[in-house]
Amino acid sequence: MAVTIYSTPSCGYCRVAKDYFRTNHVPFTEYDVSADQRRAEEMVRKSGQMGVPVIDVHGRVIVGFNRPEIEKALKR
């Protein structure tokens, strides 16, 4: 299962999402879009959004910490 989270250090919902993944033993890759312009552009291309978190669960893009959608995507 490939999980990617696009975040910034000051984003509260990003911390909540990362804590959720850690608690549930879901490995993830994190990109700090405030420090990595290439990843910021990638995030906008994938989601059409400038806000974080943007979470990619095996190709399914979820904007914000939408726990029901994340859980549904993880089950696939």
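That block above? That's the structure.
Description of the structure in this document. Keep in mind the model is a prediction, meaning the values are calculated, not measured.

What follows concerns the state of the cysteines. Following the criterion strictly, the structure yields 1 disulfide and no others. One disulfide in the model links Cys11 with Cys14; its S-S distance is 2.3 Å. Between Cys11 and Cys14 the sulfur-sulfur dihedral comes to about 85°; the bridge is accordingly right-handed. Under the relative-accessibility criterion, Cys11 is labelled buried at 9%.

Among the nonpolar cores identified, the biggest contains 11 residues, and these are Val3, Ile5, Ala17, Tyr20, Phe21, Val26, Ile55, Val57, Ile62, Ile70 and Ala73. Residues within four places of Ala17 in sequence aside, it is in contact with Ile5, Ile55 and Phe65.

Our focus in this paragraph is the pairing of strand β1 (residues 3-7). Of all the 5 residues making up β1, 5 are buried; the element is thus mostly covered by neighbouring parts of the structure. The pairing of β1 with strand β2 (residues 29-32) spans 4 bridges and is parallel. Pairing of Tyr6 across the sheet is with Tyr31, part of β2. In this fold, β1 hands off to helix α1 (residues 12-23), which returns the chain to β2; that crossover is right-handed.

How each quantity is defined
- Residues numbered from 1 in each chain as written.
- Predicted model: local features only at pLDDT ≥ 70, side-chain atom pairs only at ≥ 80, totals over all residues.
- Heavy atoms only, no water.
- Disulfide = S-S within 2.5 Å.
- Buried < 20%, exposed > 50% of the residue type's maximum accessible area, 1.4 Å probe, protein only.
- Core = buried A, V, L, I, M, F, W, Y, C linked by side-chain atoms within 4.5 Å.
- Contact = heavy atoms within 4.5 Å.
- Helix = DSSP H or I, 4+ residues; strand = E, 2+ residues; numbered from the N terminus.
- Pairing = 2+ DSSP bridges.
- Right-handed = clockwise from strand over helix to strand, strands pointing away.

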